[in-house]
Structures are given as structure tokens and as C-alpha cells.
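# Summary of the model geometry
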Amino acid sequence: MTAPFSYVRVGDNLDAVLDTATPESQLLAGGTTLIDLMRLGVMKPARLLDINRLPLAKIDETPQGLSIGALARNSDLAHHPAVRRRFPALSQALLSGASPQLRNMATTAGNIMQRTRCPYFRDVGVAACNKRNPGSGCAAEEGYTRQHAVLGGSAHCIAVHPSDMCVALVALDAVVHVRGHYGTPIDGATAREIPMASFHLAPGTTPERETSIGHGELITHVTLPATALAARSVYVKARDRASYAFALASAAVALQIEEGKIRAARVALGGVATKPWRSADAEQALVGHQPSDATFASAADAALASATPRPDNRFKVPLAKAIIIRALERAREMT
Amino acid sequence: MAASGDMTSGNAGVADTEEQVPVELGDTAPLLSAMGFEELTERAGRLEGDVPTVLALFADGDALFASDLEREAIRGELRALGAMLIAVSPGSLWCFRPDDEAQVLAEGPQIDFAATHQLFVRYGVDVAPKSGPSLRGLFVVDGKGMVRFGHRVGADERVTLLTAVAAAGRAVLGVPARAVARGGASRREFLLTSLLAGFAVAVADGCARLDPPRSAGSITQEEVDVTLDINGQPRRLRLEPRVSLLDTLREHLGLTGTKKGCDHGQCGACTVLVDGRRINSCLTLAVMAEGTKITTIEGLGTEDALHPMQQAFVAEDALQCGYCTPGQIMSAVGLVSEGHAHDEDDIRELMSGNICRCGAYPNIVTAIGRAQKQMTAEGKASKEPV
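Residue numbers here run from 1 along each chain, matching the order of that chain's written sequence. Chain labels run from A onward and ligand labels from 1 onward, assigned in the order the entries are written. Totals for whole chains, interfaces and linings use every residue, but because this is a predicted model, local features are given only for residues with pLDDT of at least 70 and side-chain atom pairs only at 80 or more, for both listing and counting.

### Regarding the overall build of chain B
Broken down by element type, chain B carries 13 helices and eleven strands. Once C-beta atoms are placed from the backbone, each residue is buried if 20 or more other C-beta atoms lie within 10 Å of its own, exposed if 12 or fewer, and partly exposed for counts between those two. Sorting the 386 residues of chain B into buried and exposed places 46% on the buried side. Numbered from the N terminus, helices here are DSSP runs of H or I no shorter than four residues, and strands are runs of E no shorter than two.

### Considerations on the sheet that holds strand β9 (residues 271-274) of chain B
Residues and elements named next belong to chain B. We call two strands paired when DSSP finds no fewer than two bridges between them. Here we have five strands laid out as an open sheet, ordered β8-β7-β11-β9-β10, and mixed in their pairing. Edge strands, defined here as strands with exactly one partner in the open sheet, are β8 (233-239) and β10 (277-280). For this sheet, the mean angle separating the axes of adjacent strands, direction not counted, is 40°. C-beta atoms are placed from the backbone for every residue, and two residues are taken to be in contact when these atoms lie within 7 Å. Orientation is described by lines fitted to C-alpha atoms, with helices fitted over the stretch in contact, and by angles between N-to-C directions that extend from 0 to 180 degrees. Its contacts with the sheet place helix α11 (residues 325-338) against β9 and β10, and it is angled at close to 35° to β9.

### A word on unusual backbone geometry
Unlike most non-glycine residues, Ala98(A) shows phi in positive territory, near 55°. Within the fold, Ala98(A) resides in the loop between α5 (88-95) and α6 (100-105). Judged by local crowding, Ala98(A) falls into the buried class, with 30 C-beta atoms found within 10 Å. At Asp263(B), a position not held by glycine, the phi torsion is positive, near 65°. Along the chain, Asp263(B) falls in the loop between α9 (245-252) and β9.

### Comments concerning the packing of helix α10 (residues 308-315) of chain B against helix α13 (residues 361-377) of chain B
Residues and elements named next belong to chain B. Put simply, α10 and α13 touch, their axes get as near as 8 Å, and they point 145° apart. As for how α10 packs across α13, the hand of that crossing is right-handed. Touching Pro-308, Met-309, Ala-312, Phe-313 and Ala-315 of α10 are Ala-367, Arg-370, Ala-371, Gln-374 and Met-375, all from α13. Its residues assigned to classes, the contact of α10 with α13 shows eight nonpolar, one polar and one charged. Should the near helix be turned anticlockwise from the far one by less than a right angle, the crossing is termed left-handed; should it be turned clockwise, right-handed. The classification used treats Ala, Val, Leu, Ile, Met, Phe, Trp, Tyr, Cys and Pro as nonpolar, Asp, Glu, Lys and Arg as charged, and all other residues, Gly among them, as polar.

### Focus: the environment of His215(A)
Residues and elements named next belong to chain A. Relative to the elements of secondary structure, His-215 occurs in the loop between α10 (196-199) and β8 (217-225). Sequence spacing of His-215 and Gln-26 is 189 residues, and the spatial spacing of their C-alpha atoms is 8.4 Å. Dropping the residues within four chain positions of it, His-215 is found in contact with Ala-21, Thr-22 and Pro-23.

### Details of α10(B)
Residues and elements named next belong to chain B. When we look at burial in α10, the residues that qualify are Pro-308, Met-309, Gln-310, Ala-312 and Phe-313. Among the structural elements, α11 and α13 are those in contact with the buried residues of α10. A positive backbone phi angle near 55° is found at Asp-317, which sits one or two residues after α10.

### Quick word on the interface of chain B and chain A
With 28 residues of chain B in contact, the opposing surface of chain A contributes 21 residues. Here the side of chain B that touches chain A gets four residues from one element, more than from any other, and that element is β10(B). When grouped by side-chain class, the residues that make up the side of chain B that touches chain A number ten nonpolar, eleven polar and seven charged.

### Points about the nonpolar core
Connectivity within a nonpolar core runs through C-beta atoms within 7 Å, and the core itself is a set of buried Ala, Val, Leu, Ile, Met, Phe, Trp, Tyr and Cys residues. With 198 residues, the main nonpolar core has Ala89(A), Ala168(A), Leu172(A), Ala252(A), Val253(A), Ala299(A) and Ile324(A) as its most contacted residues. Once residues within four sequence positions are removed from consideration, Ile324(A) is found in contact with Ala251(A), Val253(A), Val267(A), Ala282(A), Ala299(A), Ala300(A) and Ala303(A).

### Thoughts on the sheet that holds strand β12 (residues 277-278) of chain A
Residues and elements named next belong to chain A. Strand order in the open sheet formed by four strands is β9-β10-β11-β12, with antiparallel pairing between adjacent strands. Two strands bound the open sheet, and with one partner strand each, they are β9 (233-239) and β12. As paired elements, strand β11 (residues 261-270) and β12 share two bridges and run antiparallel to each other. Of the residues in β12, the one forming a bridge with Leu-269 is Trp-277. α5 contacts β9 and β10 (247-258) of the sheet and is inclined by roughly 20° relative to β9. Packing against the sheet, helix α13 (residues 316-333) makes contact with β9, β10 and β11, and its axis sits at approximately 35° to β10.

Laid out in C-alpha cells, this is it:
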């Protein structure tokens, strides 16, 4: 049973939200993660600030690219003509995630802020979880780790970041726009921009810190730059069933090919890492080379070179490589 | 507080003149405590003042409940109404709350016959009919003590407590009057149902404020007023913010067509439409849905005029146990209006949020394709599917 909380619906005044946010409060958008975790007893906010009425749902095509409102629903974003045409990996990633019902509820910012699906994190009957209860240890260390990360983990946490959308956003050089009180608590609301690739934090010694924003800050929108790469972008995902499952391994790639050579590349991975994972090593292995099978294979090797698998998730290394290669092949085929 | 026999007090004097005119809709209901039922008031606890009450007057108290099944059904109807039931007969006095067993408040010699007689007279009900059904009258008194609904049962009517309470529940909950639509109902049943429908909103207003059942020791918290638009009807509720839209539909409004499977957004049994879009009602708080238009399976079609998607599920035998079916149908209606499914593979992918443990998937896919063709032909696909 969900623990009690008080509920405040915010009108259309953004700064009013920021002024009333306290460490005990949580912002409520689509609710697909938050209400689930509250029912499990994992999250127990004393207060919910329902921000669904804030005017932040617009998706605008701009000369610079695309501006996506924090409250744009995943389904609207996935089917937006400009997204399908100019940023196909984002549409594909969104449509490979969750179910149509959940996509109708889930928001852009909510997707970015979603929590891990680590079974030990989600089970309050398990005492050891550094993310849920800092300093308590990590049950996965001695546990079943088939779903866990092979990249970006630490001795304190190997939970996977579950989002598909974020992997595409990383590959598409997205920027997260945040408004709020940052630094000293009361010095007026300020806006800042955080590149998607550095928005999420690897667990390190503080797995409870998952993003680089804090209380009193709110994502207002996400921008995607119009790059030469974006239109030739692909998302490929492997999962335990044909649909409606979290990734075992996924890849968002983007290629700019000129005169038979890869001029620029993006490779991002999902399902295998503690945060949406951009692989600079894989990109380096691609740039300047022909888009050949051999090049793709070496990029895949580079992406997983630093992997630290465990017996239960060893399969993720070859699986992720195969997924990267398939995504690159599809990107090469695009015109 | 005047005892029934005390005709000298001021209260009784007022009652004396009123006694000649039976209560009508909109009248203030006679206070039971003022009519010799103090004991009832004490034992029932919050009997008067703020709890909506269904008052059933019986010629014969033995006929109160026919079976456990009927009792359970009445329980559900009362819960939906947010009301408690008081049943009075010349020989017994019962109190029945949705979450308690029926409680005998007084029986046999404990009953003040004069008080019972006066009660029946005030409600315009014949206390000792020569024939006819045992239930003589059913009245709904709202939380402010106003008579919101009344039906006096005629000698040739076949009305039981369950059918009468259910009719009230149906009307209040905005469910189509199936008995009428089927054509098998008597004229009296028709009148009963129409009358109920007319006062549905008024009754809902009066009845919705009953506290939701709470287990002892649970943490109480502030409740909030919520108005939801469900199947085209405004429904006023008082809820804790933590109550999901799913639980609101099922536990507070008696709309049990929407099913609870996993309660975590993983199975799709709870799918409803919010502003025409399919969502998981288990992961939506009722308070979040205020200001939207909610459509449940109950609002999709009627028994005589099924929605094309319902027809197709029947025609294609697209179910086995049926538990997931309301969610499948609501999800499929959403799928058609979204307009992204162009073949059976698309349907499979876009129905992935609805799990069927019986494995009726092949027929579900066929049914959706069939309904999609019909809905598209009828030009409904791109419109709000209600």
C-alpha cells in the first residue's frame, strides 16, 4: 500500500513549483515510475507536486533543431513527424520502450528521471541497496546479476539505467534545459543547460546520486541540434521477448558518411551500463574509416573493451557487440 | 427527542400535522431518532446527519436477504453508493454497512410497533399489505437528511431488495438501464429506472461523501474533493490522494468492469481511456485525472448496442476466461483511434501492453483487425471513441 502523502497540483506558474519544492517532495508527471515505486514502498515522498498542468508539453521544430517540452508524452514524441524524419533513432527508441498505454502517460523529463529496474532496488525486503539506502551495501554483489551492468559499475552499485529514450538522446547530442535553484537555496530561479551525456552520473561511491540536478530544479525542455548525423541514426534493441521488455542490450548509433568515409559517428549503449552510455572509443574507431564490416566490428570491440561482466551477465558483452554492429549496418543502409 | 407515544411535546405536534402527508422527494427525511428509534441511532453509530442511508421498509423481515450471494451483491451496490442500509419491518430492525455483517439492532418485543407504524405512514408505505412483495418501499436519504429517491412498491411488482438497490446503483453510476433496454421489463420497472436515472446526479452528490473503508490502525490522512468525468457523468468523490484511478473506479464507484491484474502497469487489465487515449489506470492517481474525460468499458456500449470492438471480440471468440478482456478492448479502441496499426504485426506490437494468460492472442488480433475495418469504414477511427 502506498504510504500517505499530500498532493499539490501546480497551475501554470513554473517558478511557484520551484519555490515550493522541498527535499521531501517529488515532482509528479506521468507517474509511471514514481507511483509504481511508491506502491512498492521504495519511494516515500511526503508531498507530490503534480506538474502536469504546466505548459511544457510542446514539441517545436526550430532552425537549430528540435525543442521537446518536458511534459511531451513519449507517444506524441515518438510519432511526431519531425522526430521520425530528422531523428529516427529517437522515435525507434521510444517505440521500443514500455507499452502504448505507458507511452501515452510517460513524459520526456520523467523518462530521463526514471529509476533503475534492479530487482534488489525495487524490493524493500532486501536490506542491502546503496541506491535506496546509502551505505547499506549492494545485494547484487552476491546476487543474481543477469540484468546488471557490464559498463560503468562500481563496487557500490551495478544497476542498469533502464531508459531506451535516453540512449538515443545521448547519441543525438541532446541538451537538457533545467530551471531552478541551484547552488545556494534561495537566490532566484536560474536556468542552465546540461549535455545529455553528462546529465546522468555513474554510481561511483554515491549510487544514490543519479543525476546532476537536485531538489528545486526542474527540467523544462530538451533540445536536439540539427546535425548532419541525426537523420542517419538508428536504434536497435535486444530483449527477452519480442516486445514490451527492458533492454538486455541496445544501441543508438548515428553516422555521417562522406565520400565513402565515416566523417562523424555516435555510439551509445543501453541495457548494459549504469547510465546512458556514450562510447567515445567506439566513435574513434569509426571516424576516418570506411563504413565496412571490419570497421564496425572493431568499433563494437572498442565499445565493450572496458566491460567487467560477471558470470550471470557475461552474455551481454557479445550481445551488445552484435547489437552495435547491426545498428551500424542499418545506419549504413540509410540514404 | 420525543418518544413515539409522547404526543404532547412540540416535536410530536409538528409530526402530527406532517403525518398526514407522506414524504416526497426533496423533503427532509423524518429523523428516525425522533420517531422512537433512539436505540437504532445509538447502535448504528453514525446513522443520521452525514451518512447517506438507504432505507428499506419490509412487510416481512425474514425476507431481508435471500442468499449470501445476494448479500454480497447488495454490499457492492452500497459500497458504490457510499451508503449504509437500514431495513425496517414490523418485527425487526437491521443495519447493514458495506464492510460489516448485517447487524440486528432490534427484534421482536424490542420493537416499538407504534414507532414502526408511524415510520411506514410517514414514508407512505402500507405496513400490512394483504399480498405483494415483502419489500414495500426503498428510499435514499442523502448525507444532509434529504430524501433523494423514493420508490413505493406496488402489489404487482417483482422487486427485491437487491434489484431495487441495484437499480439505484445503476442509475447513480450512469450505467445504461439494461432492464429497460432489453424490453423484458415491466412498465413499473421502467418507471422505477427512469425515476432513478433522473435523480442519479442528486443522489451521487449526496452519497459520495461517505468515508472510504479503512482497516483499523491504518494511517489516516487528509482527503481531497475530486470530481471526475466518467462515461459522461460527473462523479464527486472524497478521496485520499494516494488512491489510484483504478481503485476509485472499482472500490469507490462500483465500476468493476475495469480489472486489477498486476497493479504495476505491466499487464494492461486496467486500461481505460483518458481524453480518448489509453492509459493504465493503476498507475494514475484519481486526483491526476480531474478535468479529464474518462471512459471505462461500462461507457463503451450498451448490451443492445455493443461497440464494434466489443462485437468483434464476441464474434471472433477473442477470450477464454475473460479477465483481461475489458482491458484488451479499451486498449484496442485506443489503438484504432491512434491510427498506427496497418497490419496484424502492427496490432500485435501495439497490443503488447495487454497480457492474456489464456493465450487468446490469435483471436484477439483477428477481432481487432475486424473492428478496425468496421470503425474505419464508419469513420469513427479518428474520432473520440465513445
